[in-house]
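# Overview (structure and organization)
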Amino acid sequence: MSARPDRAARLRLVLDRDGPTCIWCGREFSALVQPSTEHVVPRVKGGPSWLANEVAACRRCNAERGHRTPVEWLEECLGRGWPADPARLVRALEALEAAIATSGGQRRARPYLDAQLRRLRRSAARSVGAVSDAVGSVASISVYPVKSLAGRAVPRAEVEPAGLRGDRAHAVVDAGTGEPVTVKTTPELRQVVATGDAEADTITLAEVLGRPVRLAASESPQVDAAAVHLVSRQAIDRAAAGDVPEGCSADDPRANVLLDLPDGDERTWVGRVVRIGDAELRVTRTPKHCLGVYAEVRRPGAIAVGDVVHLQPDDVPG
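Keep in mind it's a predicted model, so treat the numbers as computed, not measured.

Turning next to the overall build of the protein chain. Looking only at helices and strands, one finds 7 helices and 15 strands in the protein chain. For 318 residues, the compact-globule estimate of 2.2 N^0.38 gives 20 Å, and the protein chain sits close to it at 21 Å. With the C-alpha coordinates aligned to their principal axes, the bounding extent of the protein chain is approximately 60 × 50 × 40 Å. Taken over 318 residues, the protein chain has a buried fraction of 45%. Within the protein chain, residue pairs in contact and separated by at least 24 positions form 68% of the contacts whose partners lie at least 6 positions apart.

In structure tokens, the structure reads:
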């Protein structure tokens, strides 16, 4: 097992990940505003000593927060008029949630973490209602490096003209014939979580399938769908309860962006434009056999967990 990075190394990693500003007061770090790492879920509440549980905060905010929960301190900072970053806090908590789901354990931290996320999501939903074109928020983002394989959750992603960077960039083919290997004929593919490392994924696939395969680069990663696949929590919940759109399956839709839409239905968005983070997407159609909607990229840009989803009333040429 490799040694855990020391405090200085962890701080550099956090700054590279989150940027050079304090999550709480928004000040840019400098010789006068010194950065420090801070546990999102405190150690006294069972927070693990993982990089996923650390954010960059100035020393003043780190000290003043004390034993307050992250949401309590966030609200205190906003009340003081400081440009605290709720979306960044959501991303940090979502990343920790994903890390715990992967590594297991952390029984003390989980209830605390769940409560903080619920409180933030309720607050986001209230904020959404106050903005005329805001209809929800981004609950999670998934990238599927290899078609038919399981994907991985990421806190943020770059949306490029062809879709999320790294999404469906490769397909599985038979090593001898070059014929595509799909989940329809080989359901075992779903057992493999794509890492994005083509060599490692090829070795894992050969072991799982019991035959030689290779990964082939996809010239058009989204040829069988569209650039971006979006679906809402609410649509998945409705499908689980038996309310499935005609022709669709209630199975995991393997969407790129999971949305939280308190009062909406994404299947009514066809022909409209959605803004998420720096990206603009034009919803083109509903999938034939799965939940959610397909969208093309009108303006590339970064999106992140916690971003507000804006829906334009009508499509505007651009």
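What the 3 strands build is an open sheet, ordered β6-β5-β14; its pairing is antiparallel. With one partner strand each, in any of the chains shown, β6 (163-164) and β14 (301-304) form the two edges of the open sheet. The pairing of strand β5 (residues 156-160) with β14 spans 4 bridges and is classified as antiparallel. Residue Arg156 lies in a different strand from β14, and its bridge partner there is Ala304.

The next subject is helix α3 (residues 70-79). Those residues of α3 that sit buried are Pro70, Val71, Trp73, Leu74 and Cys77. The arc that holds the buried residues of α3, viewed along the axis, is 160 degrees, so those residues lie on one side. Gly81, located one to two residues past α3, shows a positive phi value of around 85 degrees.

Turning our attention to the environment of Val183. Position of Val183 relative to the elements: it lies in the loop between β7 (170-174) and α6 (198-209). The spacing of Val183 and Ala52 is 131 residues in sequence and 32 Å in space, taken between C-alpha atoms. Once you skip the residues sitting within four places of it in the chain, Val183 turns out to touch Ser148, Leu189 and Arg190.

What follows covers the packing of aromatic side chains. What the rule picks out here adds up to 1 aromatic pair. Between Trp73 and Trp82 the ring centres are 6.4 Å apart and the planes differ by 80 degrees, which places this aromatic pair in the edge-to-face class. One exposure class covers both Trp73 and Trp82, and it is buried.

All right, on to the pattern of salt bridges then. Inspection of the entire model under this criterion finds 12 salt bridges. One salt bridge in this structure joins Arg80 and Glu76, with 2.8 Å as the shortest N-O distance. As a salt-bridge pair, Asp174 and Arg211 come within 2.9 Å of each other at their nearest N and O atoms. Taken together, the residues span a long stretch of sequence, with Asp174 in strand β7 and Arg211 in the loop between α6 and β8 (213-217) at a distance of 37 residues. The exposure class assigned to Asp174 is buried, which follows from its relative accessible area of 18%. Of the residues examined, Arg211 reaches a relative accessible area of 30% and is grouped as partly exposed.

Further remarks concern the layout of surface pockets. Roughly 720 Å³ of internal volume is contained in the second largest pocket. Along its surface, the second largest pocket is lined by 32 residues, and Ser140, Ile141, Ser142, Arg152 and Ala153 are the ones closest to its centre. Mapped by element, the contributors of at least two residues to the lining of the second largest pocket are α4 (86-103), β3 (134-143), β4 (152-154), α7 (233-240) and β10 (257-260). Top contributing element to the lining of the second largest pocket by residue count: α4, with 7 residues.

So, about the pairing of strand β2 (residues 54-58). The buried fraction of β2 amounts to 5 of the 5 residues, a majority that puts the element mostly inside the structure. Burial along β2 is two-sided: the face carrying Glu54, Ala56 and Cys58 and the face carrying Val55 and Ala57 are both buried. The sheet contact formed by strand β1 (residues 35-39) and β2 spans 5 bridges and is antiparallel. Its bridge partner lying in β2, Ser36 is registered against Ala57.

Rules used in this analysis
- Residues numbered from 1 in each chain as written.
- Predicted model: local features only at pLDDT ≥ 70, side-chain atom pairs only at ≥ 80, totals over all residues.
- Heavy atoms only, no water.
- Helix = DSSP H or I, 4+ residues; strand = E, 2+ residues; numbered from the N terminus.
- Rg over C-alpha atoms; globule rule 2.2 N^0.38 Å.
- Buried < 20%, exposed > 50% of the residue type's maximum accessible area, 1.4 Å probe, protein only.
- Contact = heavy atoms within 4.5 Å.
- Pairing = 2+ DSSP bridges.
- Arc of directions from axis to C-beta.
- Phe/Tyr/Trp six-rings, centres within 6.5 Å; stacked < 30°, edge-to-face > 60°.
- Salt bridge = Lys/Arg side-chain N within 4 Å of Asp/Glu carboxyl O.
- 1 Å grid on protein atoms, 1.4 Å probe; cavity = no way out; pocket = protein on both sides within 12 Å on 5 of 7 lines; lining within 4 Å.
- Points joined across faces, edges and corners; volume = space filled by probe spheres on them.

Just geometry here; none of it tells us what the structure is for.
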